[in-house]
Amino acid sequence: MSTSQKVVVVTGASQGIGAEVVKAFRKLDYRVVATSRTIKPSDDPNILTVAGDIGDPATAQRVISEGVARFGRIDTLVNNAGIFIGKPFTENTTEDYNAVMNVNMAGFFYITKLAIAEMEKHASGHVVTVTGSISNGISGAHMTLAAMTKGGLNAATRTLAIEYAKQGIRVNAVAPGVTKTPMHPVEYHDMLGGFHPLGRMGEASEVASAIVFLDSAEFITGEILHVDGGQSAGR
Ligand SMILES: NC(=O)c1ccc[n+]([C@@H]2O[C@H](COP(=O)([O-])OP(=O)(O)OC[C@H]3O[C@@H](n4cnc5c(N)ncnc54)[C@H](OP(=O)(O)O)[C@@H]3O)[C@@H](O)[C@H]2O)c1
């Protein structure tokens, strides 16, 4: 087995942004470990799929250990799995809270620990997390549950970048605006496009391009790169 090809782990890889990230890294000839609950085996021998709930530490363990067993190393982790529950804050239930924390937070925590431990063995690596351009509220949108997690992930991106810089491991985030994926029914696209100064929703491929850029940008760490049509700049 050749270990010269780089290896990327992508969570939430079955659809939407994650599926585009898999395609973008395959174009660069990376080997890919793709995970989500419903992901199916791939015909491509350079894609290993591992099915499981990303909030379960056993899934994280299987993804990293099966990835290393098959491809020999982990160079990049893309923490992309995430869910959005857009209810008014007072209507969120304990089940809603637990569901969002399970995917967005526990799903980051378990696999990032294991991936960084693997990267430390060869003193290089890159973790990039898909957060969200939600640090400011949008009138009429219900985003607080998501903002709690994505804001925490943006903060963890910066602290991890500092903590592991000397070990040669970079840590970045991409913060998308509202992006065309199965997360948003087509009938809302025109309205959602209006949230962005550029007047449209983002494409999943545009988020994937930013992730691939950060992966190649050897002097960038601790960065939150907004791919949001200007939303974070103001409206
Ligand atoms: N689309 C947007 O407007 C937007 C904006 C800002 C940020 N984001 C972020 O971008 C990321 C990707 O979003 P997307 O729009 O591509 O969403 P999506 O189309 O709904 O895809 C979500 C992915 O996460 C996986 N997933 C969900 N729950 C999971 C679980 N418990 N365990 C493992 N995998 C799970 C899903 O696969 P399975 O169902 O197979 O598990 C799927 O592959 C998320 O972190 C999201 O918060 C999206």
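Everything discussed here concerns the structure shown above.
*Asks:* Residue-level account of the overall build of the chain, with values.
*Replies:* In terms of regular secondary structure, the chain is built from six helices and nine strands. Taken against the 2.2 N^0.38 rule, which gives 18 Å for 235 residues, the C-alpha radius of gyration of the chain at 17 Å falls within 12% of a compact globule. On the principal axes, the C-alpha backbone points of the chain span a range of 55 × 35 × 30 Å. Residues counted as buried form 50% of the 235 residues belonging to the chain. Partitioning the intrachain contacts of the chain with sequence separation of at least 6 by distance along the chain shows that 69% fall at a separation of at least 24. Approximately 11100 Å² of the chain is accessible, and the part contributed by carbon and sulfur atoms is 56%.

*Asks:* So what's going on with the packing of aromatic side chains? Residues and values would help.
*Replies:* Within this structure, the stated rule accounts for two aromatic pairs. Aromatic side chains Phe25 and Tyr30 sit 4.8 Å apart centroid to centroid with 65 degrees between the ring planes, which places their arrangement in the edge-to-face category. The exposure class of Phe25 is buried, given its relative accessible area of 0%. Tyr30 sits in the buried class, given a relative accessible area of 10%. Ring geometry for Phe109 versus Tyr110: centroids 5.2 Å apart, planes at 65 degrees, classification edge-to-face. For Tyr110, a relative accessible area of 25% translates into the label partly exposed.

*Asks:* Account for the sheet that holds strand β4 (residues 76-79), with residues named and values stated.
*Replies:* Strand order in the open sheet formed by seven strands is β3-β2-β1-β4-β5-β6-β9, and the pairing between neighbours is parallel. Each edge of the sheet is formed by a strand with only one pairing partner; in this case those strands are β3 (47-51) and β9 (224-227). Each neighbouring strand pair of the sheet contributes to a mean axis angle of 15 degrees, computed without reference to strand direction. In this structure, strand β1 (residues 7-11) lies alongside strand β2 (residues 31-36), joined through five bridges in parallel fashion. Bridge pairing in β2 links Val7 to Arg31. Sheet contacts for helix α3 (residues 94-120): β1, β4, β5 (125-130) and β6 (169-176); angle to β4, the most-contacted strand, approximately 170 degrees. Sheet strands touched by helix α4 (residues 144-164): β5, β6 and β9. Its angle to β6, the strand with the most contacts, is close to 160 degrees.

Thresholds, definitions, all that
- Residues numbered from 1 in each chain as written.
- Predicted model: local features only at pLDDT ≥ 70, side-chain atom pairs only at ≥ 80, totals over all residues.
- Heavy atoms only, no water.
- Helix = DSSP H or I, 4+ residues; strand = E, 2+ residues; numbered from the N terminus.
- Rg over C-alpha atoms; globule rule 2.2 N^0.38 Å.
- Buried < 20%, exposed > 50% of the residue type's maximum accessible area, 1.4 Å probe, protein only.
- Contact = heavy atoms within 4.5 Å.
- Areas by Shrake-Rupley, 256 points an atom, 1.4 Å probe, with all protein chains shown as cover.
- Phe/Tyr/Trp six-rings, centres within 6.5 Å; stacked < 30°, edge-to-face > 60°.
- Pairing = 2+ DSSP bridges.
- Axes fitted to C-alpha atoms, helices over the stretch in contact; angles between N-to-C directions.

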